[in-house]
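Analysis of the macromolecular model
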Amino acid sequence: MIKLVALIPLFPLLGFIINGFFGKKISKNASGWIASFSVFASFVVSVLIFIELKGNHDMNSHIVPLFSWINSDTLKIPFEFLVDPLSSWFLLIITGIGFLIHIYSMGYMHDDEGFARFFTYLNLFVFFMLLLVLGNNYLIMFVGWEGVGLCSYLLIGFWFKNTAYNNAAKKAFIMNRVGDLGFLLGIILIFITFGSVSFNDVFAIASSGNNATVTAIALLLFIGAMGKSAQLPLYTWLPDAMAGPTPVSALIHAATMVTAGIYMIVRSNVFYSMSEEASQVVAIVGVATALFAATIGLFQNDIKKVLAYSTVSQLGLMFLGLGVGAYSSSVFHVTTHAFFKALLFLGAGSVIHAMGGEQDMRKMGGLWKHLPITGKVMAIGTLAISGFPLLSGFFSKDEILAHTYEHSQTLWFFGQIASILTAFYMFRLFFLTFFGKFRGTHEQEHHLHESPASMTIPLIVLAILSVFGGLLGLPEFWGTSNWFHHHLDPIIAHKNPIILSHTKEWTLMIIATLAALATIFFAYMVYIKNKVLPEANDAKLTGVKKLIYNKYYVDEIYDALIRKPLDVIAIAFYKFMDLQFVDGIVNGVGSAVNGVSSVVKKGQTGHIGFYIFGMVLGIIAILFFTFIK
Amino acid sequence: MLNGIPINFYIMLSAVLFIIGVIGVMARRNAIIIFMCIELMLNAVNLLLVAFSTLHNDASGQVFVFFIMAVAAAEVAVGLAILSMVYRNFKSIDIDLLSRLKN
């Protein structure tokens, strides 16, 4: 079965081709089912491959060569797929959650005129994402990396008639280019240093690289990850990316694409465990992002924006885990986060669907009785992300924080604060949306309805996964075996088990739990008991609130620091270089030719005798200069 | 020495013939005369080739002469056809009339 791994990306590619070329000719139902089924087929193959991989104890890394891709002198890059615990796990996440979101989209996008186009892009995205995780070298990964960026651009700007959405799409694309350049330079440096970009070749000889080079490689790759996974300072595109349809936010900007950076760093963990400095940078950027985004999340009123900042913050937490060497814990958090964040986004989508497109939480409230299923699954998702005991987020977040504590107590403190803030703003979102009085218009209230089954069934499945996902990686100090760590162990070069005493671990877990519960209670007091509502008028905000509500003015700062100077330089170049210099040369050549020809053409009399005379003179001159000189 | 005549004489004769041809081409306006002058130049060259061919006992010079004669015959055939067309259009073969290609 492992030999057939190429089928996994092939199915979505087929779906893409069918929907892309014939989407307008077939019915909406057909195109939705073709897209969903292609992803489901990939999911089935992924499960079979995963089972085969687990059944085979001696071999946990299989390279499946497909063809020779680039073959020139020293640059030989085969097109190979790699099936190992890490890639097979990501395959399950991508195809599994991807399938659920495809089903959900059939309900959510039902009335959209671009239905087939939507599924075309979605299938293409899944194809590139699978390519990204399956490739056995950095170049295939890069192709997938760029491909998912392209699909992200297409899907953010899906409703292309809206200029703001198009701008958000461009912003995402351009921000990602910055990171991609870092990634590309990293790949080039890897090739120069090790003479290959294939994972197995590079990692086998990675220890021969000197520390400075390895640090440079690790940092360049991390710049790539910063862009794709929305870390400081390249995170600003992700909140804007919420312009896309909600299923896109769930699939691309929460569950899969934004975790590509984490996948890439875990894949390259050899470099990061060799370079203490690079790991330190990853950890600090991670925790700073987690904290920064969490504070912004506190005062956002757009339901999707809150979730977007929450995603940035959670990704920061994962990078914190990577920075302290807890690679498998981070992948574990990627997994649980994929469950509950996809759930939350899809739940938010269900709310938006019921509200007729309204995203402002100030106009929601009291939806619990109108949307019973959505309300319950949102409650589960909110509890899971807040770290409520025994739900999935509780285990994965605790694992990362325990590793962090071992590494540095300062980082742990900030990570813990970020997770407390997460609990607060998530419950703020939950209470504002589902409790209190309905604050929208009468028309909206009349329109409120639970979403169709195609939307609620994926929600229920994801809710179940969010509840039980934590069982994959029960902490070792509970006396259970941590299945997830054992699964990923083979691909981690430098294993890093927690060596804290059991009392310490219990203490940390209890602190985290109490903090989460206290925060939930606090949010309850604020938003249910005291019925605090966000300020309806943005302009009335003052002080810190205003600063945070405006996202610390980061967009404006970037605008002033980067865009404006670029504009000024561009205008200067246009005026002086383009209009004067380049145009001057081009027009000068033209008028020079014109002037010379107006003189020379007088010699063209049309009299043959004159021409012959000229010819004879010429021949004499040639003879004269050749023989006499 | 060639049949008792120095090679210099051959060279001078062909040079004189050639210059007469050049001057004729430049100075005359009658197309037929110009044609004849061109033939004169060709034959000046032919004479030179034959003279040197005999001097060096090398037949390839004479082969060239045959080629030149063949090409000249073809050229005359085409040229005279053109001339007869010119005459039909202009009722004259004065080449100064043929100045429509200017500018």
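If you're wondering where the values come from, they're calculated on a predicted model, not measured in any experiment.

Brief notes about the overall build of chain A
- Along chain A, the regular secondary structure elements total 25 helices and 2 strands.
- Over its C-alpha atoms, taken along the principal directions, chain A stretches across nearly 110 × 65 × 55 Å.
- Taking all 629 residues of chain A together, the buried fraction comes to 50%.
- Considering only contacts within chain A whose residues lie at least 6 apart along the sequence, 81% involve residues at least 24 apart.

Digging into the overall build of chain B
- In terms of regular secondary structure, chain B is built from 3 helices and 0 strands.
- Ordered by position from N to C terminus, the α and β elements of chain B give α-α-α.
- For the C-alpha atoms alone, the extent of chain B along its principal axes is close to 50 × 25 × 25 Å.
- Buried positions account for 8% of the 103 residues belonging to chain B.
- If you take every contact in chain B between residues at least 6 apart in sequence, the share linking residues at least 24 apart comes to 46%.

Considering the pairing of strand β1 (residues 62-72) of chain A
Residues and elements named next belong to chain A.
- Of all 11 residues that make up β1, 0 are buried, and the element is exposed over most of its length.
- Inspection of the sheet shows β1 paired to strand β2 (residues 75-83) by 9 bridges, in the antiparallel sense. Bridging across to β2, Asn71 finds its partner in Lys76.
- If you look at the hairpin formed by β1 and β2, you'll find 2 residues sitting between the two strands.

Focus: the confidence of the model for chain A
- Mean pLDDT over chain A: 86, with 99% of residues reaching 70 or higher.
- The spread of mean pLDDT over the elements of chain A runs between helix α23 (residues 543-549) of chain A, the lowest at 75, and helix α5 (residues 138-156) of chain A, the highest at 91.

A closer look at the packing of helix α8 (residues 211-228) of chain A against helix α13 (residues 276-297) of chain A
Residues and elements named next belong to chain A.
- For the pair α8 and α13, interaxial distance at closest approach is 8 Å and the crossing angle is 20 degrees. The angle between the axes of α8 and α13 places the two elements in the roughly parallel class. Note on packing geometry: the crossing formed by α8 with α13 is right-handed. Each of Thr215, Ala218, Leu219, Phe222 and Met226 in α8 lies in contact with α13, whose residues at this interface are Glu277, Ala278, Val281, Val282 and Val285.
- Of the residues in the contact of α8 with α13, the class split is 8 nonpolar, 1 polar and 1 charged.

Considerations on the interface of chain B and chain A
- Taken together, the contact pairs 12 residues of chain B with 10 residues of chain A.
- Broken down by class, the residue content of the side of chain B that touches chain A amounts to 6 nonpolar, 2 polar and 4 charged.

With respect to the domain arrangement of chain A
- When its domains are assigned, chain A resolves into domain 1 (276-472 + 500-541) and domain 2 (555-628).
- For domain 1 of chain A versus domain 2 of chain A, the distance between C-alpha centres works out to 66 Å.

Some words on helix α15 (residues 327-354) of chain A
All names here are of chain A.
- Here α15 is 28 residues long and its end C-alpha atoms lie 40 Å apart, about the 40 Å a rise of 1.5 Å per residue gives.
- Of all the bends in α15, the greatest measures close to 25 degrees and is centred on His337.
- Here α15 lies mainly inside the structure; 27 of its 28 residues are buried.
- Downstream of α15 by one or two residues, Gly356 has phi in the positive range, about 70 degrees.

What counts and how
- Residues numbered from 1 in each chain as written.
- Chains lettered and ligands numbered in written order.
- Predicted model: local features only at pLDDT ≥ 70, side-chain atom pairs only at ≥ 80, totals over all residues.
- Helix = DSSP H or I, 4+ residues; strand = E, 2+ residues; numbered from the N terminus.
- Buried ≥ 20, exposed ≤ 12 C-beta atoms within 10 Å, placed from the backbone.
- Contact = placed C-beta atoms within 7 Å.
- Pairing = 2+ DSSP bridges.
- pLDDT = per-residue confidence, 0-100.
- Axes fitted to C-alpha atoms, helices over the stretch in contact; angles between N-to-C directions.
- Parallel < 35°, antiparallel > 145°, perpendicular 65-115°, else oblique.
- Left-handed = near helix turned anticlockwise from the far one by under 90°.
- Nonpolar A, V, L, I, M, F, W, Y, C, P; charged D, E, K, R; others polar.
- Domains from an automatic or database assignment.
- Expected span 1.5 Å × (residues − 1).
- Bend = angle between axes of the 7 residues up to and from the residue.

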